[in-house]
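Remarks on the overall topology
One-letter residues, chain by chain:
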Amino acid sequence: AAVDGVIMIPAQRPPSRTEPDRIHVLMELASSDLRMGAVNDAIDLAGLARPLGVRFTFAGPIDDGFAAAASRHGAAVLRASSRMFSRRGLPLYALDVARWIERLARCRPDVVHLNYAGWGPSLACAARLCHVPIAARASGAFIESNPSNRWVDILLANCVPQASELLRSPLGPRVVVAG
């Protein structure tokens, strides 16, 4: 219903423990260093979203400390990292894409989130081939030739300054400022 032109959305009831997860997010992190704000934010997000039926699996260079923290927040870990695209390393990149396709088939995420997209990460390529939507952090410079630009469906930013360059780029329509 709309009130004064504002669409009102009814509050969502958190699922009971017996209800299935509503959404599964596979998030690849560039680091598992718990001293970094972005890493702690990801773990906090998993804990805060869990009562709403959102399940997280973290991938990347996962260490034992991060795995324990993720588990305390109801998240799983996958000890696998993307290989970045390069023409010279194409055979190894293709092999890694195939490995990610197999991992995606096994863990069946509803969305892949790249905390830092990098240069055409193999997970993003595999997700695109498997028709899994891809979200990424909207930060940094716009580099026209980056293969990730073609694969990422939505770019998420905490604030306008974080995404300022991307907002002015051809990717601007895919940038969402959430903070």
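For the structure itself, consult the block above.
These remarks concern the structure in this document. This one's a predicted model, so the numbers in the text were calculated from it and none came from an experiment.

A closer look at the packing of aromatic side chains
- For the coordinates displayed, the defined rule picks out three aromatic pairs.
- Ring centres of phenylalanine 56 and phenylalanine 58 lie 5.8 Å apart, and the angle between their planes is 25 degrees; on these two criteria the pair is classed as stacked.
- Overall, the relative accessible area of 5% leaves phenylalanine 56 in the buried class.
- Residue classification places phenylalanine 58 among the buried positions, given a relative accessible area of 0%.
- The interplanar angle of 90 degrees and the centroid separation of 5.2 Å between the aromatic rings of phenylalanine 85 and tyrosine 93 together place this pair among those described as edge-to-face.

Side note on the pairing of strand β6 (residues 111-114)
- The alternating pattern of β6 places Val111 and His113 on one face and Val112 and Leu114 on the opposite face, and all of these are buried.
- Strand direction decides the pairing type here: strand β3 (residues 23-28) and β6, joined by four bridges, are parallel. Pairing of methionine 27 across the sheet is with histidine 113, part of β6.
- Sheet topology note: the β6/strand β7 (residues 134-137) ladder contains three bridges and is parallel. Bridged to leucine 114 within β7 is alanine 136.

Quick notes on the pairing of β7
- Burial of the side chains of β7 extends over both faces: Ile134 and Ala136 are buried on one face and Ala135 and Arg137 on the other.
- For the crossover that starts at β6, traverses helix α4 (residues 122-129) and ends in the parallel β7, the hand is right-handed.
- Where β7 lies against strand β8 (residues 154-157), three bridges are found, and the strand directions are parallel. Following the sheet pairing, alanine 136 is matched in β8 by leucine 155.

As for the packing of helix α3 (residues 90-107) against α4
- It is the contact of α3 with α4, at a shortest axis distance of 8 Å, that shows an interaxial angle of 55 degrees. Put simply, α3 runs oblique to α4. Seen along the crossing, α3 lies across α4 with a hand that is right-handed. Where α3 abuts α4, its residues Tyr93, Asp96, Val97, Trp100, Ile101 and Leu104 lie against Ser122, Leu123, Cys125, Ala126, Ala127 and Leu129.
- Here the contact of α3 with α4 is built from residues that sort into 10 nonpolar, one polar and one charged.

Examining a nonpolar patch on the surface
- There is a patch of nonpolar side chains on the surface, built from Met84, Trp119 and Ile143 and spanning about 250 Å² of accessible area.
- Locating tryptophan 119 in the fold gives a position in the loop between β6 and α4.

A closer look at helix α1 (residues 37-49)
- Taking 1.5 Å as the rise per residue, α1 with 13 residues should run 18 Å; its terminal C-alpha atoms sit 18 Å apart, in good agreement.
- Within α1 the residues assigned to the buried category are Ala38, Val39, Ala42, Ile43, Ala46 and Ala49. Buried residues in α1, looked at end-on, bunch into an arc of 140 degrees, giving them a common side.
- Of the surrounding elements, those touching the buried residues of α1 are β3, β4 (54-59), α2 (64-72) and β7.

Points about the nonpolar core
- If you look at the biggest cluster of nonpolar residues, it comprises 28 residues, and the most contacted ones within it are Leu26, Trp100, Val112 and Leu114.
- Looking at this core, the elements with two or more residues in it are α3, β6, α4, β7, β8 and α6 (160-167).
- With five residues, α4 is the largest single contributor of residues to this core.
- In this view, valine 112 contacts Leu26, Leu104, Leu123, Ala127, Val132, Pro133, Ile134 and Ala135; residues no more than four positions away in its chain are not counted.

Definitions and limits used
Residues numbered from 1 in each chain as written. Predicted model: local features only at pLDDT ≥ 70, side-chain atom pairs only at ≥ 80, totals over all residues. Heavy atoms only, no water. Phe/Tyr/Trp six-rings, centres within 6.5 Å; stacked < 30°, edge-to-face > 60°. Buried < 20%, exposed > 50% of the residue type's maximum accessible area, 1.4 Å probe, protein only. Helix = DSSP H or I, 4+ residues; strand = E, 2+ residues; numbered from the N terminus. Pairing = 2+ DSSP bridges. Right-handed = clockwise from strand over helix to strand, strands pointing away. Axes fitted to C-alpha atoms, helices over the stretch in contact; angles between N-to-C directions. Parallel < 35°, antiparallel > 145°, perpendicular 65-115°, else oblique. Left-handed = near helix turned anticlockwise from the far one by under 90°. Contact = heavy atoms within 4.5 Å. Nonpolar A, V, L, I, M, F, W, Y, C, P; charged D, E, K, R; others polar. Patch = residues over 30% accessible without salt bridge, like charges linked within 9 Å, V, L, I, M, F, W, Y side chains within 5 Å. Areas by Shrake-Rupley, 256 points an atom, 1.4 Å probe, with all protein chains shown as cover. Salt bridge = Lys/Arg side-chain N within 4 Å of Asp/Glu carboxyl O. Expected span 1.5 Å × (residues − 1). Arc of directions from axis to C-beta. Core = buried A, V, L, I, M, F, W, Y, C linked by side-chain atoms within 4.5 Å.

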